[in-house]
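Listed here are the chains, written in short residue letters.
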Amino acid sequence: MITLSQQLQTDGVKPSLLELIEHLIRAAADITKLVNRGELEGITGQTKQQNIQGEVQQTLDIEANRLIKNRLLQCSHVKTLASEEEDTVVPGFDKGEYAVAFDPLDGSSNIAVNGQIGTIFSILPATSADSTSELHFKQAGHAQLAAGYVLYGPATSLMLTTANGTRGYTWCNKLNTFVRTFAELKLPTQNQQVAINFANHSHWPKPIQSYLTRLLTCKESGGEGYNMRWNAAMVSDVHRVMLQGGCFVYPQEQRTGREQGKLRLLYEAAPMAMLIENAGGLAYSGQQRILDIEVAKLHQRVPVVLGSPDNVRGYLNQCN
Ligand code: F6P
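Residues numbered from 1 in each chain as written. Predicted model: local features only at pLDDT ≥ 70, side-chain atom pairs only at ≥ 80, totals over all residues. Heavy atoms only, no water.

A. Highlighting the sheet that holds strand β10 (residues 177-182). Taken together, the 8 strands give an open sheet; going across it, the order is β4-β3-β5-β6-β7-β8-β9-β10, and neighbouring strands pair in mixed fashion. If you trace the sheet from one side to the other, it starts and ends with β4 (90-91) and β10, each paired once. By the bridge criterion, 7 bridges tie strand β6 (residues 117-125) to strand β7 (residues 146-152) in an arrangement that is antiparallel. When the bridges of β7 are listed, I123 appears paired with A146. Strands β3 (78-83), β4, β5 (98-106) and β6 of the sheet are contacted by helix α3 (residues 59-72), whose axis makes an angle of about 155° with β5. Contacting β5, β6, β7, β8 (156-161), β9 (166-172) and β10, helix α5 (residues 234-244) crosses the sheet at an angle of about 105° to β7. (Pairing = 2+ DSSP bridges. Helix = DSSP H or I, 4+ residues; strand = E, 2+ residues; numbered from the N terminus. Contact = heavy atoms within 4.5 Å. Axes fitted to C-alpha atoms, helices over the stretch in contact; angles between N-to-C directions.)

B. Just the site of the ligand, in detail. The immediate surroundings of the ligand are formed by 14 residues, with D106, N197, M234, Y250 and E268 found nearest. Between N197 and the ligand, the recorded distance is 2.8 Å, taken from a side-chain N or O atom to an oxygen atom. Contacts to the ligand include M234, whose backbone N or O atom sits 2.7 Å from an oxygen atom. Protein contacts shield 84% of the accessible area of the ligand, which totals 400 Å² for the unbound molecule. Classifying every residue of the shell around the ligand by side-chain character gives 7 nonpolar, 3 polar and 4 charged. (Near = heavy atom within 4 Å. Polar contact = N/O pair within 3.5 Å; in protein donor to acceptor, adjacent residues only side chain to side chain. Areas by Shrake-Rupley, 256 points an atom, 1.4 Å probe, with all protein chains shown as cover. Nonpolar A, V, L, I, M, F, W, Y, C, P; charged D, E, K, R; others polar.)

C. Local environment of the layout of surface pockets. Estimates place the volume of the largest pocket at around 470 Å³. Along the walls of the largest pocket sit 27 residues, with G107, S108, S109, A232 and K262 positioned nearest its centre. For the lining of the largest pocket, the secondary-structure elements that each account for two or more residues are β2 (56-58), β5, α5 and β13 (247-250). Its residues placed into classes, the lining of the largest pocket shows 9 nonpolar, 8 polar and 10 charged. Considering only enclosed or pocket space, the second largest pocket measures out at about 260 Å³ in volume. Contributing to the lining of the second largest pocket are 19 residues, with V35, N36, N114, G115 and I117 lying nearest its centre. Among the residues forming the lining of the second largest pocket, the class breakdown is 7 nonpolar, 10 polar and 2 charged. (1 Å grid on protein atoms, 1.4 Å probe; cavity = no way out; pocket = protein on both sides within 12 Å on 5 of 7 lines; lining within 4 Å. Points joined across faces, edges and corners; volume = space filled by probe spheres on them.)

Set out below in structure tokens:
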């Protein structure tokens, strides 16, 4: 068995980055315990608060955010934090080298129904002397030093990428850490499977409406139609793509507030793009590679298509 820290040492990951990842992993273990107790822990309901994006915060959103923040603020290498559940940055240590962005609890609508949920994170080099500055996060995704997600499903899975490919791990209670279960992820070049919320169909631009309709009704593939999958949690929908190929799509819409789709660039799209690219896939927003987009605002949204190269190219050819 190869544990996460053994793998990271083999990969030559810098000790300070390794230590930071260990802190994140401890937070994921805290969240796993909480999630496993579900209703017994009283964490499956809603609060009366909204986050900066106007979304009602669930109790678990706030609790997961607190747990991750607490762990990260014990790591002296952390200069600053940005979270989906924080309006602005949270300063860490003046001497810290890293800026960490995260979505503490992705797929919040699944909390109440014991569905799949996750945590997504992105680690960037700190770029300014001021730990309260948003500038640390105003970088393009290709500057990320590491990115990953934790999926709290029947098992707790971790997908992580540093410079050396994308690897998968599974939480082991006996060892109290993650153990490597996918040495190196390699996406299939294509698969007739698409993760999409088709309920948004009437809001998409016409070319997207007609391409996705053709895919799912056999007309594009000339025979068997694509299979559609939607867990409503980016972590679990991307996890399926990571393991089986196909693509995940959350497009721009024509309704107000969704012109750039729903997903956030800094702590959702960019880390997923790094994981997917390092596993041989592609990740785009319209015609632009997601990893080339510079973050302008902490909570900015971006349209996303990512997954197997042939699937993503097919979408880009027809939908732009
Ligand atoms: O971040 C938001 C999120 O929960 C993603 O995890 C997920 O892909 C998407 O929203 C689900 O959106 P919808 O409400 O359209 O199903």
